[in-house]
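# Coordinate inspection notes
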Amino acid sequence: DTAVSQTPKYLVTQMGNDKSIKCEQNLGHDTMYWYKQDSKKFLKIMFSYNNKELIINETVPNRFSPKSPDKAHLNLHINSLELGDSAVYFCASSQEWDRSYEQYFGPGTRLTVT
Amino acid sequence: GDSVTQMEGPVTLSEEAFLTINCTYTATGYPSLFWYVQYPGEGLQLLLKATKADDKGSNKGFEATYRKETTSFHLEKGSVQVSDSAVYFCALSDQGGANNLFFGTGTRLTVIP
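So, here's what we can say about the structure. If you're wondering where the values come from, they're calculated on a predicted model, not measured in any experiment.

All right, on to the nonpolar core then. Counting 26 residues, the largest nonpolar core has B:W35, B:L47, B:L48, B:F73, B:L75 and B:Y88 as its most contacted members. Contributing elements (two or more residues each) for this core: β2 (11–14), β3 (19–21), β4 (23–26), β5 (32–38), β6 (44–50), β8 (62–65), β10 (86–93) and β12 (107–112) of chain B. Discounting residues that sit within four places of it in the chain, B:F73 has contacts with B:C23, B:L33, B:F34, B:W35, B:L48, B:K49, B:A50, B:A64, B:T65, B:Y66 and B:C90. By size, the runner-up hydrophobic cluster in this structure holds 20 residues, among which are A:M32, A:Y49, A:F64 and A:L74.

We now examine the side chain of B:D84. All names here are of chain B. Position of D84 relative to the elements: it lies in the loop between β9 (75–77) and β10. At a separation of 2.8 Å, a polar atom in the side chain of D84 contacts the main-chain amide nitrogen of Q81. With sequence-adjacent residues up to four places away left out, D84 is seen in contact with F62, K77, L109 and V111.

Looking now at the interface of chain B and chain A. If you look at the interface, chain B gives 26 residues, while chain A gives 23 residues. Across the chain B/chain A interface, buried area totals approximately 1900 Å², and carbon plus sulfur atoms make up 51% of it. For the pair chain B and chain A, the number of links is zero salt bridges. The tally of links from chain B across to chain A stands at three residue pairs in polar contact (both at pLDDT 80 or more). When contributions to the side of chain B that touches chain A are tallied by element, the ones reaching two or more residues are β5, β6, β10 and β11 (101–103) of chain B. Considering every element that reaches the side of chain B that touches chain A, the biggest residue donor is β5(B), with four residues.

What counts as what
Residues numbered from 1 in each chain as written. Chains lettered and ligands numbered in written order. Predicted model: local features only at pLDDT ≥ 70, side-chain atom pairs only at ≥ 80, totals over all residues. Heavy atoms only, no water. Core = buried A, V, L, I, M, F, W, Y, C linked by side-chain atoms within 4.5 Å. Buried < 20%, exposed > 50% of the residue type's maximum accessible area, 1.4 Å probe, protein only. Helix = DSSP H or I, 4+ residues; strand = E, 2+ residues; numbered from the N terminus. Contact = heavy atoms within 4.5 Å. Polar contact = N/O pair within 3.5 Å; in protein donor to acceptor, adjacent residues only side chain to side chain. Buried area = accessible area lost by both parts, 1.4 Å probe. Salt bridge = Lys/Arg side-chain N within 4 Å of Asp/Glu carboxyl O.

Here you go:
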């Protein structure tokens, strides 16, 4: 069974559109995350979500909004897509919020904005 | 702020060669340190970790020691295999209770037969 899954795997869309990426974890973890990996492979945290508390990274534009219907799911909704949003987006989860816990990553969603 | 500086790549080695990928960090307090590996087309997987000074993380023949005095967490393997070809990321998680990972830029390793 896949521990952390994301859909879709690939997403191609035009500028100005609104799109969502879904993430599910079946590990029973309390904490979930979204990361953005740019074309140079640099990874940066976007959001952390722990037991219904959302921690927003202030550098992320407010066009990005995470939504968590329950502890096992953390979806990422993006409004008014821009060319610079093209990247690979990774969802991850960890057992708890504590710094020593391993994060488990999903396979990634490659978003291409044209 | 917290940051990780990682050896620039790419690195190309012959099979059975010795591998070192350098990683140094800047953080307040005592972060946890990690090495993650990303195989082609896949997400990241934890390779090893260390949560306090002088701890040694090890897995699959890879090792890294948490050196507080040099703020380093260098990754080593004595004999690489073709299957080790991947991108390797050094990361830290800060002390302040949060588990946000700060990643280095990644080092692409290619092992040739």
